[in-house]
Amino acid sequence: MRRLILSALLAAAAVMPTSALAWGREGHAVIAQIARGYLTPKAAAAVDAMLASDPDTLTPPDLGARASWADAWRKDHRETTEWHFVDTELDQPDLAAACFGFPASATPASAGPEKDCVVGRIDAFARELADPKTDAAERLLALKFLLHFVGDLHQPLHAADNQDRGGNCVPLALGGPRTVNLHSYWDTVAVEAIDPDADRLARTLAAEITPAQRKVWEQGDARTWALESFAIAKASVYTVGSKPGCATDAAPVALPEGYGDTAKRVVAEQLKKAGVRLALELNRALG
Ligand SMILES: [Zn+2]
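Computed from a prediction, not measured in an experiment: that's the story for all the values here.

Asks: So what about the overall build of the protein? Which residues, and what values?
Replies: For the protein, the helix and strand inventory stands at 13 helices and two strands. For 287 residues, the compact-globule estimate of 2.2 N^0.38 gives 19 Å, and the protein sits close to it at 19 Å. Based on the C-alpha atoms only, the size of the protein along its principal axes is roughly 55 × 55 × 40 Å. Going through the 287 residues of the protein one by one, you find that 43% of them count as buried. Pairs at least 24 residues apart make up 74% of the contacts formed inside the protein by residues separated by at least 6 positions.

Asks: Run through the nonpolar core, naming residues and quoting values.
Replies: Counting residues in hydrophobic clusters, the biggest one holds 73 residues, and the most contacted among them are Ile122 and Leu146. Among the elements that make up this core, the one with the highest residue count is helix α13 (residues 259-286) (eleven residues). Dropping the residues within four chain positions of it, Leu146 is found in contact with Ile122, Phe125, Ala126, Leu129 and Glu281.

Asks: Explain the confidence of the model for the protein residue by residue, including any values.
Replies: Here the protein averages 92 in pLDDT, and 92% of its residues register 70 or above. Taken together, the stretch residues 1-21 has pLDDT below 50 and engages in 17 contacts with residues farther than four places along the chain or on a different chain.

Asks: Explain helix α7 (residues 118-130) to me, using residue names and the numbers behind them.
Replies: In an α-helix, one turn spans 3.6 residues; hence positions three or four apart end up facing the same way. For α7, built from 13 residues, the straight-helix expectation of 18 Å at 1.5 Å per residue is met to within 8% by its first-to-last C-alpha distance of 18 Å. Of all 13 residues in α7, ten are buried, a share of seventy percent or more. For α7, the full list of buried residues reads Val118, Val119, Gly120, Arg121, Ile122, Ala124, Phe125, Ala126, Glu128 and Leu129. Summarising the contacts, the buried residues of α7 are in contact with α8 (136-153), α12 (222-237) and α13.

Asks: I'd like a rundown of α12, residues and numbers included.
Replies: Residues of α12 that are buried: Ala222, Trp225, Ala226, Ser229, Phe230, Ala233 and Val237. All buried residues of α12 lie within an arc of 145° about the axis, which places them on one face of the element. In α12, those exposed residues whose orientation departs by more than 90 degrees from the buried face are Thr224 and Ala235. Elements in contact with the buried residues of α12: α6 (95-98), α7, α8, α9 (182-194) and α13.

Asks: So, unusual backbone geometry: which residues are in play, and what are the values?
Replies: Cis rather than trans, the peptide bond between Thr107 and Pro108 has omega equal to 0°. Following the sequence through the fold, Pro108 ends up in the loop between α6 and α7. In this structure, the amide linkage connecting Gly112 to the following residue, Pro113, adopts the cis form with an omega of 10°. Turning to its location among the elements, Pro113 is positioned in the loop between α6 and α7. Residues other than glycine seldom take positive phi values, yet Gln163 does so here, at roughly 55°.

Asks: I'd like a rundown of the environment of Trp217, residues and numbers included.
Replies: By the element assignment, Trp217 lies in helix α11 (residues 211-217). Of the residues examined, Trp217 has 19 C-beta atoms within 10 Å and is grouped as partly exposed. The contact partners of Trp217, leaving out residues within four places of it in the chain, are Lys273, Val276 and Arg277.

Asks: Break down the packing of α7 against α12 for me, with residues and values.
Replies: Contact geometry of α7 with α12 gives a least axis separation of 9 Å together with a crossing angle of 150°. As the angle between them shows, α7 and α12 are arranged roughly antiparallel. Between α7 and α12 lies a crossing whose hand is right-handed. On α12, the residues that touch Val119, Ile122 and Asp123 of α7 are Ala222, Arg223 and Ala226.

Asks: Report on the environment of Thr248, specifying residues and quantitative values.
Replies: As for its position among the elements, Thr248 is in the loop between α12 and α13. The exposed category is assigned to Thr248, around which 5 C-beta atoms lie within 10 Å. Between the C-alpha atoms of Thr248 and Pro171, which are 77 residues apart in sequence, the distance is 9.8 Å.

Asks: Tell me about the environment of Tyr185, residues and numbers included.
Replies: Mapped onto the elements of the fold, Tyr185 is located in helix α9. Distance from Tyr185 to Gly167, taken between C-alpha atoms, is 9.2 Å for residues 18 residues apart in sequence. Apart from the residues lying within four places of it in its own chain, the contact partners of Tyr185 are Leu172, Val180 and Ala190.

The rules behind these values
- Residues numbered from 1 in each chain as written.
- Predicted model: local features only at pLDDT ≥ 70, side-chain atom pairs only at ≥ 80, totals over all residues.
- Helix = DSSP H or I, 4+ residues; strand = E, 2+ residues; numbered from the N terminus.
- Rg over C-alpha atoms; globule rule 2.2 N^0.38 Å.
- Buried ≥ 20, exposed ≤ 12 C-beta atoms within 10 Å, placed from the backbone.
- Contact = placed C-beta atoms within 7 Å.
- Core = buried A, V, L, I, M, F, W, Y, C linked by C-beta atoms within 7 Å.
- pLDDT = per-residue confidence, 0-100.
- Expected span 1.5 Å × (residues − 1).
- Arc of directions from axis to C-beta.
- Axes fitted to C-alpha atoms, helices over the stretch in contact; angles between N-to-C directions.
- Parallel < 35°, antiparallel > 145°, perpendicular 65-115°, else oblique.
- Left-handed = near helix turned anticlockwise from the far one by under 90°.

Listed below in structure tokens is the structure:
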């Protein structure tokens, strides 16, 4: 019986769509754990106290799981969908256009606007988190959105688009039972290929970050980080050679020689940068 249940579960997992709009849970947990190591004692205490006060059951309450909270929230809050990315077009890159002209944030920031991109949302929630006058419940939302969005911004396909919904329209020919598209490949497959264990991967990557790298990565802001992600998508993601657009009959694309190794290297560095920069934002707001 147990074996039957197990094989049923495995079959279900094989056909389940992978997360369409974010690093998977592992990537976000790794980023949060790397960031934890760079928090000032004051910021770390503030983050821990806020998370401990949160009764929300959408995700487990620990920092790593809370970094995926915004994806769980999005399921019943479709008005937050656009906040997870910035669709800068490959053929006509224009960050302001992709950010809906950088609209002013509502007060509170969790109220919108709906048409805002991940860059604008990072700035709005960081400001709100830093302001001690922000209502406690809203401040907790700001923390959870920020934990997630700094990560999202570093997934190259959250900052680039080939009229293909950030690679979601590009099926890949990887073999095996799972249908993977270009976006989910970068969200989860490339992360798991480095190490499927989030805690261990976070420790490994954190140990590789040098003080000199950290200093370089702490430069800039959400806008320059978005442009950097866009450039990476152009240089290392869309080299897959897919056509623009969302044709429903598109044939699966085979990965070019060496693509998987490049993806692992790029993903490892993006996870590290995201961890360093998430800590930077949290320290500025709370440290
Ligand atoms: Zn997301």
